Structures are given as structure tokens and as C-alpha cells.
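These are the residues of each chain, in order.
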Amino acid sequence: MRILAFDIGGTLIKSAIVDEDKGLFNLEEHSYPEPGRDGILNILENRIDYYNSEIDGIGISTAGLVDEEKGVIILSSNGIPNYTGTKLKEMYELKYNKPVWVLNDVNAAALGEAHFGAGKVYNDFICLTYGTGVGGAIVINKQVYGGKNGFAGEIGHTVTHLNGKKCVCGLYGCYNDYASTKALVENCSQVDFSIKNGKDVFDAFSKGDIKIKEQIDIWIDEIIYGLVTVVHIFNPPAIILGGGIMRQEYIIDEINNRLKNSILSGYRDVVVLPAMLGNSAGLMGASYNTLRRKCEKK
Ligand SMILES: [Zn+2]
């Protein structure tokens, strides 16, 4: 069976064909010609029309809060105009007469890692992704645990700083605003005005910039505050960290060392490891979900 998979982000849509036997191919990246719902739907329909005769279903990973049973965007978290309320599943099942399943992007990436990536050897783990915010997913028995409304795992909105910065969610002091890659870049750019992104941070670090290393070390402590909570609540065998920045060896090594010194002794066999699938995790997870759902229906 073949699934056409999409990964819809704030500025870019990725698409690929995932074949049950041959894996992922024809990976393409599409930037929006126009930001917002219409731009997204144009790209999706263009690719579905193109591959329609070759595919058995469609799997979509998308930014935002998603009703995964109904395939509806409940809230477009990164402000994609007019995207909230879009009924992707209903629209495309009617139009193309193929199964369509939609997942939140962090849940899709976690599912991808669970079956094809760093989580392959674990039944249970916690997946956290660090970027403009911090996303989270709880994987139990190789499935993402959704909670009552399907929104479980928003670890980015646990409060780690009393009376801290105001978060987009309305709370103050959320983990998001201290442990995200965005927070690290902002802090480093105050020390060195030329720093614009995560790559700049690690270029400076690898040249031995002491002030940048200081900022990175403070930021790693911020990461640890969240992980300590996660470990004590879930006692997971593994925590998988996604986001480009987690490919830095120094970060993962430091997190493992510092975490073990910050948690109770009974929990210290937890392993923290970087995600393996990188950019294709969401596509792999979304296609796996559609394949599984399609087989269940038979
Ligand atoms: Zn928040």
C-alpha cells in the first residue's frame, strides 16, 4: 500500500510518498505562495491530484491543535490565517474517496520515531521537540496517548518560572519561553548581536566563544527543569528529543549528565537520546497512522 503524506508547518509544507515496502520517496518541499488556509489547500490538492491514481490513502501531520478523530484543525497555534476550523479529513475523503487521517505534528513525529526511528526499541517513551516552542507527546505501547480531548503532552505549557515571562497561552513562566531553541537564540543574540539562529549559536560555540557557552549552559539547565518533572511523573525508559539543535553532541551529553544528578536515584536509568528521523519523522508518523487506521477498518 502507498500513502501520500504531508507535513504542514508554519512556512513550509513537505510531501512524500510512503510505500509499505519501499519506504519514503519523492520528498518535496513547498513554500506557501500565499500564507494561510488557501495556500495550504492549493498545495495539498495539487499533490493529491498528481498522485491520485497511485495512492491508497492520505496522511497529514500539521501544526496546531487537531481533533484527530474528525481530522479538524481546532486551533492554528502558529497563527496560519483562516486555518482554524478546516475539516481536512471530511473535505478530502469526499473529494477523493480515499481514507484521510490527520495528526498534530508533534504526535506524528513521535509516532514516526516510535516505529521507524530512535523509539523503535522502546514501547513507552516521552518525545519532546525544541524549536520556536517546545512540543511534547506521550507514547505508551507504541501509541500516542491523547488524554480526554486528544491534547495530552503539552509539556511546553508547564510552568517552570513563577511570575515569569508571559506565554502565548496566557500563562506566565511556561517551559516554552525558557527551554525552546528560540529562547536560546534570543539570549545569545543579546550577548552577540550577529547571532540570528541556532546554527549561529553553535558556530560561535565551536569557535570557543565563552559567553555563548555560558548561555548554552544556562539554557541546558532550563531544559533539565522540564525533564525532571517528566521523569518523576512518567518514569519513562527513554526521552527522545527532537529539533535540529538536539543533534549537537554536547547538548545531549550534558542533558544526560545533569539530569541524572537532578532526579531521585530510582529513576536514573532513563536514557535521553536525539530523534533519528529529522525532517521526515512527521511524514513517517502520518503515513503510518493512515495505514494502521485503514487496516483496522478492514
Ligand atoms: Zn504557555
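Residues numbered from 1 in each chain as written. Predicted model: local features only at pLDDT ≥ 70, side-chain atom pairs only at ≥ 80, totals over all residues. Heavy atoms only, no water.

(A) How the structure looks around helix α5 (residues 181-191). Residues of α5 that are buried: T181, A183, L184, V185 and C188. On its buried face, α5 is in contact with β8 (125-130), α4 (176-179), α6 (198-206) and α7 (210-234). (Buried < 20%, exposed > 50% of the residue type's maximum accessible area, 1.4 Å probe, protein only. Helix = DSSP H or I, 4+ residues; strand = E, 2+ residues; numbered from the N terminus. Contact = heavy atoms within 4.5 Å.)

(B) Local environment of the pattern of salt bridges. Following the criterion strictly, the structure yields 13 salt bridges and no others. Note that E28 is salt-bridged to R47, the shortest N-O span being 3.1 Å. Of this pair, E28 sits in strand β3 (residues 23-31) while R47 sits in helix α1 (residues 37-51), placing them 19 residues apart in sequence. Residue classification places E28 among the partly exposed positions, given a relative accessible area of 24%. A salt bridge links K89 to E93, with the nearest nitrogen and oxygen atoms 2.8 Å apart. (Salt bridge = Lys/Arg side-chain N within 4 Å of Asp/Glu carboxyl O.)

(C) Structural view of the coordination of the zinc ion. The zinc ion binds to the protein through H157 (ND1), C167 (SG), C169 (SG) and C174 (SG), with metal-donor distances spanning 2.0 to 2.3 Å. In this structure, the zinc ion is coordinated by four donor atoms arranged in tetrahedral fashion, with angles at the metal of 105 to 121 degrees. Here the donor residues of the zinc ion are spaced in sequence according to H-x9-C-x1-C-x4-C. One end of the pair, H157, is in the loop between β10 (143-144) and α4; the other, C169, is in the loop between β10 and α4, and twelve residues separate them in sequence. On the basis of relative accessible area, C169 is assigned to the partly exposed category, the value being 38%. (Donors = N, O, S within 2.8 Å, 3.2 Å for Na, K, Ca; no water. Tetrahedral: all angles 85-135°; square planar, octahedral: opposite > 155°, others 65-115°.)

(D) Local environment of the packing of aromatic side chains. Scanning the entire structure with this criterion turns up six aromatic pairs. Pairing Y92 with Y96 gives two aromatic rings, centres 5.8 Å apart and planes at 55 degrees, and the pair type is tilted. On the criterion of helical spacing, the pair formed by Y92 and Y96 is a turn pair, its members being four residues apart in helix α2 (residues 88-96). Given the relative accessible area of 1%, Y92 is considered buried. Seen in terms of ring centroids, Y130 and Y175 are 6.4 Å apart; in terms of plane orientation they differ by 80 degrees. Their pairing is edge-to-face. (Phe/Tyr/Trp six-rings, centres within 6.5 Å; stacked < 30°, edge-to-face > 60°.)

(E) Representation of the packing of α1 against α2 in the model. The interhelical angle for the contact between α1 and α2, taken along N-to-C directions, is 35 degrees, at an axis separation of 13 Å. Crossing handedness for the pair α1 and α2: right-handed. Within the contact between the two elements, α1 uses R37, L41, L44, E45, I48 and D49 and α2 uses L88, M91, Y92, K95 and Y96. Considering only residue class, the contact of α1 with α2 consists of seven nonpolar, no polar and four charged. (Axes fitted to C-alpha atoms, helices over the stretch in contact; angles between N-to-C directions. Left-handed = near helix turned anticlockwise from the far one by under 90°. Nonpolar A, V, L, I, M, F, W, Y, C, P; charged D, E, K, R; others polar.)

(F) Layout of the nonpolar core. If you look at the biggest cluster of nonpolar residues, it comprises 37 residues, and the most contacted ones within it are Y130, L227, L241, M246 and I255. The set of elements that each furnish at least two residues to this core consists of β8, β9 (134-140), α5, α6, α7, β11 (238-242) and α8 (249-260). Apart from residues no more than four positions distant in its own chain, Y130 is found in contact with Y175, A179, T181, I223, L227, L241, G242, G243 and M246. (Core = buried A, V, L, I, M, F, W, Y, C linked by side-chain atoms within 4.5 Å.)

(G) Molecular detail of the sheet that holds strand β12 (residues 271-274). Reading across from one edge, β10-β9-β8-β11-β12 is the order of the five strands in this open sheet, with mixed pairing throughout. Among the strands making up the open sheet, the edge pair consists of β10 and β12. When β9 meets β10, the two strands line up antiparallel, connected through two bridges. Considered in β10, the bridge of V139 is made with V144. (Pairing = 2+ DSSP bridges.)

So yeah, pure geometry; function would need other evidence.
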